[in-house]
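# Report on the structure
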Amino acid sequence: MKFLIIKYSNSCLKKEIVAIKFQSLKGEKIEIGTKIVVETESNFRLAEVIKFEVDHNILNAILEAKTKFIRIATTDDLNQQKKNDFDSTEVLVYSQSKANELKLEMRFVDSFYTFDRKQLFISYVADTRVDFRELAKILAQKYKTRIELRQIGVRDKAQKIGGIGPCGLFLCCNTFLTDFSSVSIGMAKNQFLALNPTKINGICGRLLCCLKYEDENYTNLKKNFPNIGKMVKIGNMEGKVTEINILNNTYKIELKNKEVVEIKNEN
């Protein structure tokens, strides 16, 4: 069995990339980049083929998305998607203006129609929970479709909008991360980083996702070093460990006379 790995054309949903079963079509050719119409459990979506795959275990996790191939997108389908995208932009502006009128502390990030326009998703950021029932009524009366308002976090906002990280590269969450792993201040301490928010926080205001990338390596490497604060005896020298430099494979000890000596780690 062959599979198409597809990416939805527009989405404020986290899971944008799925695999679908695919049978060869007579007289039609599907290539990477081909736009297709698919059916999910609740609606139709326009998607783009980004990869071909064969049946193997790596796909098991994403095959849970019950998505079916319907057809290669026609000119009318592509025009419909353009209209949906254009109208979605107007939805953001209108939603924000009405939320302001109702004095709701909501900042709208993204909106999109399903391909068949049977549902309209609108995502927003807010510091607290918001009672948006009145706003939902106003939007339903105007757009005549089922509307789902979704509160997302600031990390989700950064993932959707994108940007440049302190490393000078495009944000990890906007390029290759598919979900957000838990990141703690302990990871920064574990890597001996200065606990300066401007250095260890991303543009979303939360701890950098990349703090997790090397945390396990630091944890394993530190096992070969004495703990900071431990008294050690090296030859005829005895002192307290004050600093560890994993990259240089050295550590420093402070002797009783307050002299600081750098020791090569032999473990």
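Quick caveat, the model's predicted, so the values are computed rather than measured.

### Some points on the overall build of the chain
Tallying secondary structure elements over the chain gives seven helices and twelve strands in all. Expressed as a percentage of its 267 residues, the buried residues of the chain come to 37%. Taking contacts inside the chain between residues at least 6 apart in sequence as the whole, the part at least 24 apart equals 55%. Surface exposure of the chain reaches about 16,700 Å², of which carbon and sulfur atoms provide 51%.

### Here we look at the sheet that holds strand 11 (residues 250–255)
The antiparallel open sheet is built from four strands, whose spatial order is 9-10-11-12. Only two strands of the sheet have a single neighbouring strand rather than two, namely strand 9 (231–234) and strand 12 (260–264). Going from strand to strand, the sheet's axes swing by 45° on average, the running direction of each strand aside. Pairing between strand 9 and strand 10 (residues 237–245): four bridges, direction antiparallel. Opposite I234, over in strand 10, you have M237 as the bridge partner.

### Brief notes about the packing of aromatic side chains
Here the structure, examined in full by the defined rule, presents four aromatic pairs. Residues F108 and Y124 carry aromatic rings whose centres are separated by 6.1 Å and whose planes lie at 55° to one another, so their mutual orientation is tilted. Taken together, the residues F108 in strand 6 (residues 107–113) and Y124 in strand 7 (residues 119–125) connect sequence positions 16 residues apart. By relative accessible area, F108 is classed as buried at 12%. Accessibility expressed as a relative area gives 2% for Y124, which makes it buried. With 5.0 Å between their ring centres and 15° between their planes, F112 and F121 make a pair best called stacked. A relative accessible area of 5% means that F121 is categorised as buried. Feature note: the residues F108, Y124 and F132 constitute an aromatic cluster, connected by ring pairs. In this arrangement the basic side chain of R117 is found over the ring face of Y113, its NZ or CZ atom lying 4.0 Å from the centre. Between the NZ or CZ atom of K142 and the centre of the ring of Y94, over which it lies, the distance is 4.8 Å.

### What to know about the environment of K142
Within the secondary structure layout, K142 lies in helix 2 (residues 133–143). When its relative accessible area of 40% is taken as the criterion, K142 is described as partly exposed. It is 10.0 Å that separates the C-alpha atoms of K142 and Y94, two residues lying 48 residues apart in sequence. With sequence-adjacent residues up to four places away left out, K142 is seen in contact with E90 and Y94.

Conventions adopted
All residue numbers refer to position in the chain's written sequence, counted from 1. A pLDDT threshold of at least 70 governs which residues receive local features in this predicted model, and a stricter bar of 80 or more applies before side-chain atom pairs are shown or counted, although totals over entire chains, interfaces and linings include all residues. Think of the side-chain values as coming from all heavy atoms in the structure, minus any hydrogens and water. Think of it this way: any DSSP run of H or I at least four residues long counts as a helix, any run of E at least two long counts as a strand, and we number them from the N terminus. Only protein chains enter the area calculation, which uses a 1.4 Å probe; residues under 20% of their type maximum are buried, those over 50% are exposed, and those in between are partly exposed. Contacts are assigned to residue pairs that have any heavy atoms within 4.5 Å of one another. All accessible areas in this document rest on Shrake-Rupley with a 1.4 Å probe, and a residue is counted as covered only by the protein chains that are shown. Following DSSP output, two strands are said to pair if at least two bridges run between them. Orientation is described by axes fitted as lines to C-alpha atoms, over the contacting stretch for helices, and by angles from 0 to 180 degrees between their N-to-C directions. Any two of the Phe, Tyr and Trp rings considered here, Trp counted by its six-membered ring, make a pair once their centres fall within 6.5 Å; the pair's planes then place it as stacked at under 30 degrees, edge-to-face at over 60, or tilted in between. For a ring to carry a charge above it, either NZ of a lysine or CZ of an arginine must fall within 6 Å of the ring centroid while also lying within 35 degrees of the normal to the ring plane.

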